[in-house]
Amino acid sequence: ERRDPVVRFHAVQAVVVFGSAALLIALFGGLAVASLSFLPSTFGFFVTAAMVTWTTGVVLWGITMWKVASGNEWRIPVAAAWVDRLATASEPASA
């Protein structure tokens, strides 16, 4: 499956989109913990932002899995251009 462009596209798209979501969740969580020392009133905001990011990621994952399982190549709008560049830049050498 390494040479299949559809599989490569969806693999890179998953890494970009859900890796970014994981980084955002970690960032919001870290800011929530730090806010307890510096500005406790913002703790709720950062926790809510982390939960909204996580929920959005789960919903996006579900939609993506449903679209791909039904045979559609769904390009997540914000990430598609970046994914195209990464997927073509990391193509394996022909043997």
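This text follows the structure it describes.
Residues numbered from 1 in each chain as written. Predicted model: local features only at pLDDT ≥ 70, side-chain atom pairs only at ≥ 80, totals over all residues. Heavy atoms only, no water.

Draft legend 1. Region of interest: the overall build of the protein. In terms of helices and strands, the protein carries three helices and zero strands. Scanning the protein from its N terminus toward the C terminus, one meets helices and strands in the order α-α-α. Within the protein, contacts between residues separated by at least 24 positions form 68% of all contacts whose residues are at least 6 apart in sequence. (Helix = DSSP H or I, 4+ residues; strand = E, 2+ residues; numbered from the N terminus. Contact = heavy atoms within 4.5 Å.)

Draft legend 2. How the structure looks around the packing of helix H1 (residues 5-38) against helix H2 (residues 43-69). Axis separation between H1 and H2 bottoms out at 7 Å; the angle between their running directions is 165°. On the basis of their axis angle, the class for H1 and H2 is roughly antiparallel. Handedness of the H1/H2 crossing: left-handed. The segment H1 lies against H2, with His10, Gln13, Val17, Phe18, Ala21, Leu24, Ile25, Phe28, Leu31, Ala32, Ser35 and Leu36 engaging Phe43, Phe46, Val47, Ala49, Ala50, Thr53, Trp54, Gly57, Leu60, Trp61, Thr64 and Val68. (Axes fitted to C-alpha atoms, helices over the stretch in contact; angles between N-to-C directions. Parallel < 35°, antiparallel > 145°, perpendicular 65-115°, else oblique. Left-handed = near helix turned anticlockwise from the far one by under 90°.)

Draft legend 3. Inspection of a nonpolar patch on the surface at higher detail. On the surface, a cluster of nonpolar side chains totalling about 240 Å² of accessible area is made up of Leu24, Leu27 and Leu31. Mapping Leu31 onto the fold places it in helix H1. Look at Leu31 and you get partly exposed, because its relative accessible area is 33%. (Patch = residues over 30% accessible without salt bridge, like charges linked within 9 Å, V, L, I, M, F, W, Y side chains within 5 Å. Areas by Shrake-Rupley, 256 points an atom, 1.4 Å probe, with all protein chains shown as cover. Salt bridge = Lys/Arg side-chain N within 4 Å of Asp/Glu carboxyl O. Buried < 20%, exposed > 50% of the residue type's maximum accessible area, 1.4 Å probe, protein only.)

Draft legend 4. Representation of the nonpolar core within the structure. Formed by Phe9, Val12, Val16, Val17, Ile76, Ala79 and Val83, the largest nonpolar core amounts to seven residues. Per-element accounting of this core gives the leading share, four residues, to H1. Ranked by size, the runner-up nonpolar core spans five residues in total, among them Phe28, Ala32, Phe46 and Ala49. (Core = buried A, V, L, I, M, F, W, Y, C linked by side-chain atoms within 4.5 Å.)

Draft legend 5. Seen up close, the packing of aromatic side chains. Within this structure, the stated rule accounts for one aromatic pair. Their ring planes at 65° and their centres at 5.3 Å tell us that Phe45 and Phe46 sit as a pair that is edge-to-face. A relative accessible area of 56% means that Phe45 is categorised as exposed. (Phe/Tyr/Trp six-rings, centres within 6.5 Å; stacked < 30°, edge-to-face > 60°.)

Draft legend 6. Looking closely at the side chain of Gln13. Looking at the element boundaries, Gln13 is found in helix H1. Given a relative accessible area of 2%, Gln13 falls into the buried group. Within the local environment of Gln13, its side chain forms a polar contact with the backbone nitrogen of Ile76, the two atoms lying 3.0 Å apart. The contacts of Gln13, once residues within four sequence positions are left out, are Phe18, Thr64, Trp74, Arg75, Ile76 and Val83. (Polar contact = N/O pair within 3.5 Å; in protein donor to acceptor, adjacent residues only side chain to side chain.)

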